[in-house]
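# Remarks on the overall topology
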Amino acid sequence: MSNLKKIIVLILLGGLMVMAAFSYFVYSNVFSPNTFFQNNEAHIYIPRASNFSDVLEEIAPLLEDIKSFEMVARKKGYSSNVKSGHFIIRKGMNNNQIINSIRIKNIPVKIKFNNQERIENLAGSLSRQLDADSLSFLKAVFNDAFLKENNITKETALCIFIPNTYEVYWDITPEDFVKKMVEESNKFWNEDRLALSQKINLSKSQIISLAAIVQKETIKIDERPRVAGVYINRIKKGMLLQADPTVIYSKKLKENNFDLQIKRVLYEDLVIDSPYNTYKYPGIPPGPITMPDISSIDAVLNYETHNYYFFVADVSNFGYHKFAKSLTQHNRYKKEYTRWVSQQKIYR
């Protein structure tokens with residue numbers, strides 16, 4: 001074999017070796033599995049305003065080789081185009097698949113909330129489920145333009161949040177989130193519910209505010225329409241609602257302490273000067289004292305028709321109440337209850 005042929009052969013062999021080495025490099029760094037967890041999938045949350053260093057710190061515990069991931073990410077241009085959101089990495093994924101997943105496959109999350117007493121409490125709950133702090137949610141809700149646009153006040157703002165499970169993007173902005181809640185609220189108030197509210201002659205916010213009282217009065221879903229009927233009867237007759245939960249709320253509001261635990265309302269509490277105190281001020285409070293369940297809202301809309309005007313806890317059937325048509329009958333039931341409360345030594 002001539003020297004020229006030898007040189008050509010050597011060059012070809014060298015080229016093949018380089019190609020083989022390159023192929024191995026590409027496979028091992030781009031297409032070789034690079035996950036380091038035992039579950040079928042892992043979830044990664046990338047906040048808004050994150051940079052590539054933040055992503056590397058977040059994803060490092062999930063990968064076998066963070067260096068190869070970093071190199072491929074830079075080659076694919078991801079390092080300068082980080083996306084926020086909730087992403088899923090599946091076991092056995094390679095760097096190419098991982099990068100594609102965290103770049104274009106933002107997966108919605110399911111959030112839920114219920115029984116929050118104030119927007120402040122709701123904002124705290126949302127901040128634990130989504131990529132925003134509670135103050136940002138408060139600002140979005142209490143924005144003057146938002147309140148005016150949706151014909152609500154700071155007192156009635158809680159009414160647009162219907163307790164349920166919702167699917168949203170984890171990195172949704174607080175402004176877009178509250179807009180979505182308005183849309184969901186509008187869906188909730190369908191033709192049937194609107195027709196019932198008109199029949200009762202109460203606004204949506206009044207119905208929810210009344211439902212909040214019903215919610216606080218009884219934990220028994222099957223009893224809520226009857227309790228709602230009591231309050232509707234009082235409204236029709238022009239009576240004070242005299243709902244103990246509104247007194248408790250007034251006391252919490254006055255003392256600025258919503259962690260306050262009150263098991264027994266005292267006579268001295270009934271004179272608290274607050275528009276929420278239905279022992280002192282007539283009509284429905286200016287806003288809900290809690291976020292009522294859908295069952296409570298529907299209980300008001302479909303209240304039970306009866307002649308009851310009073311009710312008190314039934315100590316022989318805990319969780320339920322005894323209903324009375326007259327004050328005389330009610331006082332008799334009330335004596336049973338106060339006697340039991342004293343026996344249990346519940347003084348506050």
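Before going further, it helps to spend a moment on the overall build of the protein chain. When helices and strands are counted, the protein chain shows 14 helices and six strands. When the 348 residues of the protein chain are sorted by exposure, 43% land in the buried category. In the protein chain, the proportion of contacts linking residues at least 24 apart, taken out of those at least 6 apart, comes to 66%.

The next point concerns the packing of aromatic side chains. For any pair of aromatic rings, geometry is given as the distance between the ring centres together with the angle between the planes. Counted by the stated rule, this structure contains 12 aromatic pairs. Taking 5.2 Å as the distance between ring centres and 65 degrees as the angle between the ring planes, the aromatic pair formed by Tyr 45 and Trp 170 counts as edge-to-face. With a gap of 125 residues between them, Tyr 45 in strand β1 (residues 41-46) and Trp 170 in the loop between β4 (164-168) and α8 (174-188) connect regions that are remote in the sequence. Its relative accessible area of 11% is what places Trp 170 among the buried residues. Note on Phe 188 and Trp 189: the rings are 5.5 Å apart at their centroids and 90 degrees apart in plane angle, and the pair reads as edge-to-face. For the pair Phe 188 and Trp 189, a shared accessibility class is recorded, and that class is buried. Connected via pairs of aromatic rings, a cluster forms that spans Tyr 231, Tyr 308, Phe 311 and Phe 323. Positioned above the aromatic ring of Phe 142, the side-chain terminus of Lys 154 is 5.6 Å from the ring centre. Over the ring of Tyr 309 we find Lys 237, and its NZ or CZ is 4.9 Å from the ring centre.

When two helices pack together, their arrangement is given by the angle between the helix axes and the distance between those axes. Where helix α3 (residues 66-75) contacts helix α4 (residues 95-104), the axes come no closer than 10 Å and their chain directions differ by 60 degrees. Classified by the interaxial angle, the pair formed by α3 and α4 is oblique. In the crossing of α3 with α4, the sense of the turn from one axis to the other is right-handed. Each of Ser 68, Phe 69, Val 72 and Ala 73 in α3 lies in contact with α4, whose residues at this interface are Asn 95, Ile 98, Ile 99 and Ile 102.

Ranked by size, the top nonpolar core spans 60 residues in total, and within it Phe 113, Phe 161 and Phe 177 carry the most contacts. Top contributing element to this core by residue count: helix α10 (residues 204-217), with seven residues. Setting aside anything within four residues of it in sequence, one finds Phe 161 in contact with Phe 113, Ile 119, Leu 122, Val 141, Phe 177, Val 178, Met 181 and Met 291.

Averaged over all residues, the pLDDT of the protein chain is 90; the fraction at 70 or higher stands at 90%. pLDDT under 50 marks residues 18-27. Its contacts with residues more than four places away, or in other chains, come to four contacts.

Only one face of strand β3 (residues 109-113) is covered, namely the face carrying Val 109, Ile 111 and Phe 113; the face carrying Lys 110 and Lys 112 is uncovered. The pairing of β3 with β4 spans five bridges and is antiparallel. Within the sheet, the bridge partner assigned to Val 109 lies in β4 and is Val 168.

We now examine the environment of Gly 124. You can see Gly 124 is positioned in helix α5 (residues 119-127). Sequence spacing of Gly 124 and Leu 138 is 14 residues, and the spatial spacing of their C-alpha atoms is 9.3 Å.

Considering all chains together, one arrives at 13 salt bridges under this definition. A salt bridge links Arg 90 to Glu 41, with the nearest nitrogen and oxygen atoms 2.6 Å apart. Within this pair, whereas Arg 90 is found in strand β2 (residues 85-90), its partner Glu 41 is found in strand β1, the two being separated by 49 residues in sequence. Here Glu 41 falls in the partly exposed class, since its relative accessible area comes to 30%. Residue Glu 117 pairs with Lys 216 through a salt bridge whose shortest N-O separation is 3.3 Å. Of this pair, Glu 117 sits in the loop between β3 and α5 while Lys 216 sits in helix α10, and the two are 99 residues apart along the sequence.

What follows covers unusual backbone geometry. Working note: non-glycine residues mostly have negative phi, and peptide bonds are mostly trans. Located in the positive-phi region is Ala 49, a residue other than glycine, with phi close to 70 degrees. Looking at where Ala 49 falls in the secondary structure, it is placed in the loop between β1 and α2 (52-59). Positioned with a positive phi, Asn 201 is a non-glycine residue whose angle comes to about 70 degrees. As for its position among the elements, Asn 201 is in the loop between α9 (191-200) and α10.

Let us now look at α9. Among all positions of α9, only Arg 193, Ser 197 and Ile 200 are buried. Mapping the buried residues of α9 onto a view down its axis gives an arc of 60 degrees, with all of them on the same face. Those residues of α9 that are exposed and aimed more than 90 degrees away from the buried face are Glu 191, Asp 192, Gln 198 and Lys 199. Residues of α9 that are buried in the fold lie against α8, α10, α11 (224-237) and α13 (294-301). Capping the start of α9 is the job of one residue whose side-chain oxygen sits 3.2 Å from the backbone nitrogen of Asp 192: Asn 190. Two residues or fewer past α9, Asn 201 is found with a positive phi of approximately 70 degrees.

Turning to the environment of Gln 329, a few remarks are in order. As for its position among the elements, Gln 329 is in helix α14 (residues 327-343). With 19 residues separating them along the chain, Gln 329 and Phe 310 place their C-alpha atoms 8.9 Å apart. Not counting chain neighbours up to four residues away, the residues in contact with Gln 329 comprise Phe 323 and Ala 324. Side-chain polar atoms of Gln 329 contact the side chain of Tyr 333, separated by 3.1 Å.

What counts, and where the lines are drawn
- Residues numbered from 1 in each chain as written.
- Predicted model: local features only at pLDDT ≥ 70, side-chain atom pairs only at ≥ 80, totals over all residues.
- Heavy atoms only, no water.
- Helix = DSSP H or I, 4+ residues; strand = E, 2+ residues; numbered from the N terminus.
- Buried < 20%, exposed > 50% of the residue type's maximum accessible area, 1.4 Å probe, protein only.
- Contact = heavy atoms within 4.5 Å.
- Phe/Tyr/Trp six-rings, centres within 6.5 Å; stacked < 30°, edge-to-face > 60°.
- Lys NZ or Arg CZ within 6 Å of the ring centre and 35° of its normal.
- Axes fitted to C-alpha atoms, helices over the stretch in contact; angles between N-to-C directions.
- Parallel < 35°, antiparallel > 145°, perpendicular 65-115°, else oblique.
- Left-handed = near helix turned anticlockwise from the far one by under 90°.
- Core = buried A, V, L, I, M, F, W, Y, C linked by side-chain atoms within 4.5 Å.
- pLDDT = per-residue confidence, 0-100.
- Pairing = 2+ DSSP bridges.
- Salt bridge = Lys/Arg side-chain N within 4 Å of Asp/Glu carboxyl O.
- Arc of directions from axis to C-beta.
- Polar contact = N/O pair within 3.5 Å; in protein donor to acceptor, adjacent residues only side chain to side chain.

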